[in-house]
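Chain by chain, the residues run as shown.
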Amino acid sequence: QVQLVESGGGLVQAGGSLRLSCAASGRTFSSYAMGWFRQAPGKEREFVATINWSGGTTSYADSVNSRFTISRDNAKNTVYLQMNSLKPEDTAVYYCAARFSGSYSRLIAAYDRWGQGTQVTVSS
């Protein structure tokens, strides 16, 4: 059974940076795609970024493109989300998710396992 644990959230001023981590246990991490999603209060969960099994292909939401970077270290069973130039509208609970198919997806329904989430708050 795959378990995902996010860390690295917190409070940061606008323009600052944070790096989220998601550590996976259980099944072979290197065989599946990973994604980051977020949910702000009163809003639906939305796609942020995704990466395929090898790390060779990534995709980003338009709202974070050029500011956020997703990466993975298969030796450490961990996926990262580097967030730069943060804005107050980035405030949300951030979730990592695993897709047992190795190909990435921007769709929430495509993911098989979810972490518990980590809060990111950006002050203006």
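Residues numbered from 1 in each chain as written. Predicted model: local features only at pLDDT ≥ 70, side-chain atom pairs only at ≥ 80, totals over all residues. Heavy atoms only, no water.

### Overview of the overall build of the protein
Inference 1: Scanning the protein from terminus to terminus reveals zero helices and eleven strands.
Inference 2: Counting helices and strands in the order they occur from the N terminus, the protein gives β-β-β-β-β-β-β-β-β-β-β.
Inference 3: Relative to its full complement of 124 residues, the protein shows a buried share of 44%.
Inference 4: A separation of at least 24 residues holds for 60% of the contacts in the protein among residues at least 6 apart in sequence.
Inference 5: As displayed, the protein offers around 6000 Å² of accessible surface, 46% of which is attributable to carbon and sulfur atoms. (Helix = DSSP H or I, 4+ residues; strand = E, 2+ residues; numbered from the N terminus. Buried < 20%, exposed > 50% of the residue type's maximum accessible area, 1.4 Å probe, protein only. Contact = heavy atoms within 4.5 Å. Areas by Shrake-Rupley, 256 points an atom, 1.4 Å probe, with all protein chains shown as cover.)

### Details of the side chain of Arg 99
Inference 1: Note on placement: Arg 99 falls in strand β9 (residues 92–99).
Inference 2: For Arg 99, which is buried and forms no salt bridge, the nearest opposite charge comes from Asp 112, at a distance of 5.7 Å.
Inference 3: Non-local contacts of Arg 99, meaning those with residues more than four positions away in its chain, are made with Tyr 32, Ala 33, Tyr 104, Ser 105, Ala 110, Tyr 111 and Asp 112. (Lys, Arg positive; Asp, Glu negative; His and termini not counted. Salt bridge = Lys/Arg side-chain N within 4 Å of Asp/Glu carboxyl O.)

### Observations regarding the nonpolar core
Inference 1: Formed by 34 residues in total, the largest nonpolar core has its most connected members in Met 34, Trp 36, Leu 81, Met 83 and Tyr 94.
Inference 2: Broken down by element, the residue count for this core peaks at five residues, all from β9.
Inference 3: What Met 83 contacts, discounting residues up to four positions off in sequence, is Gly 16, Ser 17, Leu 18, Leu 20, Arg 67, Phe 68, Tyr 94 and Val 120. (Core = buried A, V, L, I, M, F, W, Y, C linked by side-chain atoms within 4.5 Å.)

### As for the state of the cysteines
Inference 1: Enumeration over the complete set of coordinates arrives at one disulfide.
Inference 2: Here Cys 22 engages in a disulfide with Cys 96; their sulfurs sit 1.9 Å apart. Across the S-S bond of Cys 22 and Cys 96 the torsion is about 45 degrees, and the bridge reads as right-handed. With a gap of 74 residues between them, Cys 22 in strand β3 (residues 18–25) and Cys 96 in strand β9 connect regions that are remote in the sequence. This pair shows no difference in class: Cys 22 is buried, exactly as Cys 96 is. (Disulfide = S-S within 2.5 Å.)

### Examining the packing of aromatic side chains
Inference 1: This structure, assessed with the given rule, holds six aromatic pairs.
Inference 2: Judged by centre distance (5.8 Å) and plane angle (80 degrees), the ring pair of Phe 29 and Tyr 32 falls under edge-to-face. Tyr 32 carries the same exposure label as Phe 29, and that label is buried.
Inference 3: Through successive ring pairs, a cluster of aromatic residues spans Phe 37, Phe 47, Tyr 111 and Trp 114.
Inference 4: Above the ring of Tyr 95, the side-chain terminus of Arg 45 is found at 3.7 Å from the ring centroid.
Inference 5: For the cation-ring pair, Arg 45 lies above Trp 114, with the distance from its terminal atom to the ring centre recorded as 4.9 Å. (Phe/Tyr/Trp six-rings, centres within 6.5 Å; stacked < 30°, edge-to-face > 60°. Lys NZ or Arg CZ within 6 Å of the ring centre and 35° of its normal.)

The values reported here are purely geometric and, on their own, carry no functional implication.
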